[in-house]
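# A structural walkthrough
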Amino acid sequence: MARILRLFIFVGILGLAAFFYLTRPVGVDPDDFANLVGDPSHGTQVFHAAGCASCHAAPKTDFSDHPILSGGQKFPSPFGTFNAPNISPDPQNGIGGWTLLEFANAVQAGVSPDGAHYYPAFPYTAYAKMRPQDVADLKSFMDALPISYSPSLPHDVGFPFNIRRTLGGWKLLFANSDWVLTNAESPEIERGRYLVEALAHCGECHTPRNALGGLKRGDWLQGAFIPGEGKVPAIASGQLDWAPSDIAYYLETGFTPEFDSAGGAMTHVVENMGQLSASDRESIAAYLKLIP
Ligand code: HEC
Ligand code: HEC
């Protein structure tokens, strides 16, 4: 009896050790960021392409070149409601004083400065594909944005999702920083792939998710359903029969070929895409045409 009990305790301890090992927060490679100096003017482009203000600007504020990233927007999900935090340069309530490595760990690995996992409502699984220099440029731009003193709001998430450690299991299952389109055969397609899959995280809204909130990469850009937003259309080539120039025009102006205008969450995406160069929008269109 005592031997069986000891065996159970032993197996239990092994199980816990495996859980803690497998779900531990893993950051980015510090060497990738060691000697980088950010260029704020290029950071502006990265900031628009990555759509940080779409989630972190205060609810219902107008977009500007220097938005106040006070947070406060709510994101309902099947697991609870997330509140975007203050990421303005205030050291108390925002992220002022963070090192580049701390910033990169948050944006690319979903790990906080004190070593906790972030919820994937923050699309770090897409940003994981960003180039380190772009992360440094982005930070140097954001460091100069106006300060907000609003404290971040706690999330409203139930058990067991309120235990951040469990997100380590989620990352093991679903975080995947391999390109979806594996062969980008020209610089234009490579650029489009970088914008769609990494910076502009189009797949976060346009790709369906499984019951645990993981993206179904096999149904890439095939349309989805978002709580609070409703149906998000498919934008893969078979289902969106617009010419590449129509797609680029839509991303610039929000007008469809039928002269409807973009609504819902796409409004902010269009505001951001309108800030990019025409060739960036064309490369996004060229990429979409390659997705079956
Ligand atoms: C789709 C909405 C969304 C987008 C887009 C987004 N974020 Fe966030 N972000 C969130 C949410 C939600 C959290 C809270 C995550 C958590 O607490 O686990 C968060 C958390 C953060 C944090 C951690 C803040 C803290 O106090 O610990 C940082 C830093 C951050 N985001 C930076 C960025 C940057 C930089 C971008 C653009 C590259 C960006 N975010 C784009 C939703 C978003
Ligand atoms: C935050 C969620 C979100 C993100 C990110 C997003 N979209 Fe959308 N997109 C939507 C929604 C919602 C609609 C529907 C808009 C409407 O009803 O007017 C839409 C509509 C579209 C349409 C029009 C399709 C049609 O049939 O009318 C295109 C094209 C499109 N998105 C492309 C993109 C591209 C390219 C990206 C990345 C650069 C992107 N979207 C990122 C939510 C998003």
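This one's a predicted model, so the numbers in the text were calculated from it and none came from an experiment. (Residues numbered from 1 in each chain as written. Chains lettered and ligands numbered in written order. Predicted model: local features only at pLDDT ≥ 70, side-chain atom pairs only at ≥ 80, totals over all residues. Heavy atoms only, no water.)

### A short note on the sheet that holds strand E3 (residues 156–157)
With respect to topology, three strands assemble into an open sheet ordered E1-E2-E3, the strand pairing being antiparallel. Either end of the sheet is taken by a strand with one partner, and the two such strands are strand E1 (74–77) and E3. The sheet contact formed by E1 and strand E2 (residues 80–83) spans four bridges and is antiparallel. Within E2, the residue paired with Ser77 across the bridge is Gly80. (Pairing = 2+ DSSP bridges. Helix = DSSP H or I, 4+ residues; strand = E, 2+ residues; numbered from the N terminus.)

### Digging into the site of ligand 2
Of all residues adjacent to ligand 2, which total 21 residues, the nearest are Cys202, Cys205, His206, Gly263 and Met266. For ligand 2, a nitrogen atom lies 2.8 Å from a polar atom in the side chain of His206. Residue Gly263 places a main-chain N or O atom 2.7 Å away from an oxygen atom belonging to ligand 2. For the shell around ligand 2, the secondary structure elements donating two or more residues are helix H9 (203–206), helix H10 (244–253) and helix H11 (266–273). The element that contributes the greatest number of residues to the shell around ligand 2 is H11, accounting for three residues. Counted by class, the shell around ligand 2 contains 16 nonpolar, four polar and one charged residues. (Near = heavy atom within 4 Å. Polar contact = N/O pair within 3.5 Å; in protein donor to acceptor, adjacent residues only side chain to side chain. Nonpolar A, V, L, I, M, F, W, Y, C, P; charged D, E, K, R; others polar.)

### Side note on the pairing of E2
Between the end of E1 and the start of E2, which pair antiparallel, lie two residues. In this structure, E2 lies alongside E3, joined through two bridges in antiparallel fashion. Bridge assignment links Thr81 to a residue of E3, and that residue is Asp156.

### Quick word on the coordination of the iron atom of ligand 2
At the metal site, the iron atom of ligand 2 is ligated by His206 (NE2) and Met266 (SD), and these contacts range over 2.0 to 2.3 Å. In this structure, the iron atom of ligand 2 is surrounded by six donor atoms whose angles at the metal cover 87 to 179 degrees, and the resulting shape is octahedral. With a gap of 60 residues between them, His206 in helix H9 and Met266 in helix H11 connect regions that are remote in the sequence. Judged by its relative accessible area of 10%, His206 falls in the buried class. (Donors = N, O, S within 2.8 Å, 3.2 Å for Na, K, Ca; no water. Tetrahedral: all angles 85-135°; square planar, octahedral: opposite > 155°, others 65-115°. Buried < 20%, exposed > 50% of the residue type's maximum accessible area, 1.4 Å probe, protein only.)

### A closer look at the coordination of the iron atom of ligand 1
As a benchmark, a tetrahedral metal site with four donors has ideal angles of 109.5 degrees, while an octahedral site with six donors has ideal angles of 90 or 180 degrees. In this structure, the iron atom of ligand 1 receives exactly one donor atom from the protein: His56 (NE2), at 2.0 Å. Within the fold, His56 resides in helix H3 (residues 52–56).

### Considering the side chain of Glu197
The residue Glu197 is located in helix H8 (residues 187–199) in this model. Side chain to side chain, Glu197 and Lys129 meet in a polar contact 2.9 Å long. Polar contacts involving the side chain of Glu197 include one to the main-chain amide nitrogen of Leu181, which spans 3.1 Å.

### Some thoughts on the nonpolar core
Phe47, Met130, Leu138, Met142, Leu199, Leu221 and Tyr287 are the most contacted members of the largest nonpolar core, which has 56 residues in total. Among the elements of the structure, helix H2 (40–50), H3, helix H4 (100–109), helix H6 (132–142), H8, H10, H11 and helix H12 (278–288) are those that each provide at least two residues to this core. If you tally residues by element for this core, the top one is H8, at six residues. No fewer than three residues from each of domain 1 (36–174) and domain 2 (187–288) sit in this core. Sequence-distant contacts of Leu199, that is, excluding residues within four places in its chain, are made with Val46, Ala49, Ala50, Tyr127, Met130 and Tyr194. (Core = buried A, V, L, I, M, F, W, Y, C linked by side-chain atoms within 4.5 Å. Domains from an automatic or database assignment. Contact = heavy atoms within 4.5 Å.)

### Things to note about the site of ligand 1
In the vicinity of ligand 1, 21 residues are found, and the nearest of them are Cys52, Cys55, His56, Tyr118 and His155. Contact distances for ligand 1 include 2.8 Å between a nitrogen atom and a side-chain N or O atom of His56. Between ligand 1 and Tyr118 there is a distance of 2.5 Å, counted from an oxygen atom to a side-chain nitrogen or oxygen. Of all elements in the fold, only H3, H4 and H6 reach the threshold of two or more residues within the shell around ligand 1. Here the shell around ligand 1 gets three residues from one element, more than from any other, and that element is H3. Classifying every residue of the shell around ligand 1 by side-chain character gives 16 nonpolar, four polar and one charged.

### A word on the domain arrangement of the protein
For the protein, the domain assignment lists domain 1 (36–174) and domain 2 (187–288). Here the C-alpha centre of domain 2 lies 21 Å away from the C-alpha centre of domain 1. Facing the 24 residues of domain 1 at the interface are 23 residues of domain 2. Counting the surface lost from both domain 1 and domain 2, the interface buries some 2,000 Å², and carbon and sulfur atoms represent 57% of this. For the pair domain 1 and domain 2, the interface holds one salt bridge. We note a salt bridge from Lys129 to Glu197, for which the minimum N-O separation is 2.9 Å. (Buried area = accessible area lost by both parts, 1.4 Å probe. Salt bridge = Lys/Arg side-chain N within 4 Å of Asp/Glu carboxyl O.)

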